[in-house]
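This is what each chain is made of:
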Amino acid sequence: MPTPTPAASPDPRRNIPRMDELLQLPEVESARQRLAEHAIRAIIQGVVTQARRGQLPVSDIPAEIAQRLEQKTAHSLQPVINATGVIIHTNLGRAPLPSAAVEALQAAASYTDVEMDLDSGKRSRNRGAGARAALLAACPGAEDALVVNNGASALLLATAALAPGKEVIISRGELIEIGAGFRLPELIESTATRLKEIGATNRTHLADYERALGDNTGAILKVHPSNFRIEGFTSAVGVEELHRLAVQHDTRLIVDLGSGLLTHDPALPEEPDIQAQLRAGADIVIASGDKLLGGPQAGILLGTKDAIAAVKKHPLARAVRIDKLRLNALEAAISTPSNAVQDALHLDPQTHRERTEAIAQAVGAEVVPHDGRVGGGGAPEYPLPGFAVSLPEHYADALRRQDPPVVGRVHQGRCLVDIRCVPAHHDATVIAAIKAVG
């Protein structure tokens, strides 16, 4: 008589609880105080899917759901410590906001008088008046100002408004591409505006501009190169010369600085500033709020009354309008006496060395010279002499996984920790993170 075949063990996945059962877990009920229902369901579904694939024991489902719910927040971006020595680090969110700007964000998070005259109770047309007034006070050479969503929006709006259906003259040496494949020529030509390229990559002369001017010229555009420098056999035309040429031919002069330096800074002797370009005769100067200005992302246009008025009237102005949160934060960033960008740029060399040596001594590492950078397209390739803690290269990956993450720089097989952009009260956190890796 044949031996009976043993019955196969039932698949434990048949015992996976139903969604409605899992939604009754105490941890789920508690999570509803801070997470939306769809976010909770997505977490539960992810755990159940993992169990169905055999990647998680069925008995562990409730505990896994509880753990993921506890770790889940309503937002995904997390603060990091920038120990790269790059002040305006695009991958890390560019300029860290000063405390006054953070308070301004919170103040504008609820209902505000952004478009209401509280005295009359009627709609106001002075949206952004506070930020505009702060900019004009900081840049007395400007007659008026406008703030839009970002620097690219400002350039698009300026060229579209001042040269509609016409040509914008630009040097070939200023046809730049910046991060993520973003090219200024493609941006400008996305409207009815056309570019007229002149000169060569390394040399452009006033005569090139003169030959290009004609009845179809709408504006002359001068762009500050971002993230690169051309050296050697070079030639470029300054804003003063271009202004005289623009006046002679009754056309506009737009200067895109990008970096957002308000006035001349001896720490960056070659970096052009907004005030100087206005004095030199630019009709409109464009800058980004989240670079050397030290504020939130914003596109800033400063210039003459008639040029800014033309920009404000263009239909695109509504499409690139900035929100109330950043308007308030920008005003605060301009009005506060100090910000993190300027603090890092002007960090006292002795203080930089002493803090670096203290960290190195605490973790048993050495101090090496290290040049920081402005970053964000400001002062390209210009060194900011300083110091860094030198660690084995594998520390870089491990430090990024700490809480909070510490982002250093990998250079020549070493992980360099530069505290130029690290507030002093975070030094102990940096020491703890390095020790945790070691």
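An unreviewed UniProt entry annotates the protein chain as L-seryl-tRNA(Sec) selenium transferase originating from Corynebacterium pseudogenitalium ATCC 33035. One UniProt comment on the protein chain, placed under Cofactor (unreviewed entry), says "pyridoxal 5'-phosphate". Listed under Pathway (unreviewed entry) in UniProt, the entry text for the protein chain is "Aminoacyl-tRNA biosynthesis; selenocysteinyl-tRNA(Sec) biosynthesis; selenocysteinyl-tRNA(Sec) from L-seryl-tRNA(Sec) (bacterial route): step 1/1."

A. Structural view of the domain arrangement of the protein chain. In terms of domains, the protein chain is made up of domain 1 (12-71), domain 2 (81-89 + 342-437) and domain 3 (97-337). Taking the mean C-alpha position of each, domain 1 and domain 3 sit 50 Å from one another.

B. Quick peek at the packing of helix α3 (residues 37-52) against helix α4 (residues 61-71). Running from N to C, α3 and α4 cross one another at 140°; their axes reach a closest spacing of 10 Å. Taken together, the axis directions place α3 and α4 in an arrangement best described as oblique. Crossing angle aside, the handedness with which α3 passes α4 is right-handed. Every residue of α4 that contacts α3 at I40, I43, I44, G46, V47, Q50 and A51 is listed here: I61, E64, I65, R68 and L69.

C. A look at the sheet that holds strand β10 (residues 252-258). What the seven strands build is an open sheet, ordered β4-β12-β11-β10-β9-β5-β8; its pairing is mixed. Looking along the sheet, the strands with just one partner apiece sit at the ends: β4 (144-148) and β8 (194-198). Averaged over all pairs of adjacent strands, the angle between their axes in this sheet comes to 25°, without regard to strand direction. Pairing geometry for strand β5 (residues 167-171) and strand β9 (residues 217-223), over three bridges, is parallel. Residue pairing for β9: I169 is matched across the bridge by I220. Across the sheet, helix α10 (residues 239-248) is in contact with β9 and β10; its angle to β10 comes to roughly 155°.

Cut-offs applied
- Residues numbered from 1 in each chain as written.
- Predicted model: local features only at pLDDT ≥ 70, side-chain atom pairs only at ≥ 80, totals over all residues.
- Heavy atoms only, no water.
- UniProt positions renumbered as here; feature names shortened; annotations may be inferred.
- Domains from an automatic or database assignment.
- Axes fitted to C-alpha atoms, helices over the stretch in contact; angles between N-to-C directions.
- Helix = DSSP H or I, 4+ residues; strand = E, 2+ residues; numbered from the N terminus.
- Parallel < 35°, antiparallel > 145°, perpendicular 65-115°, else oblique.
- Left-handed = near helix turned anticlockwise from the far one by under 90°.
- Contact = heavy atoms within 4.5 Å.
- Pairing = 2+ DSSP bridges.

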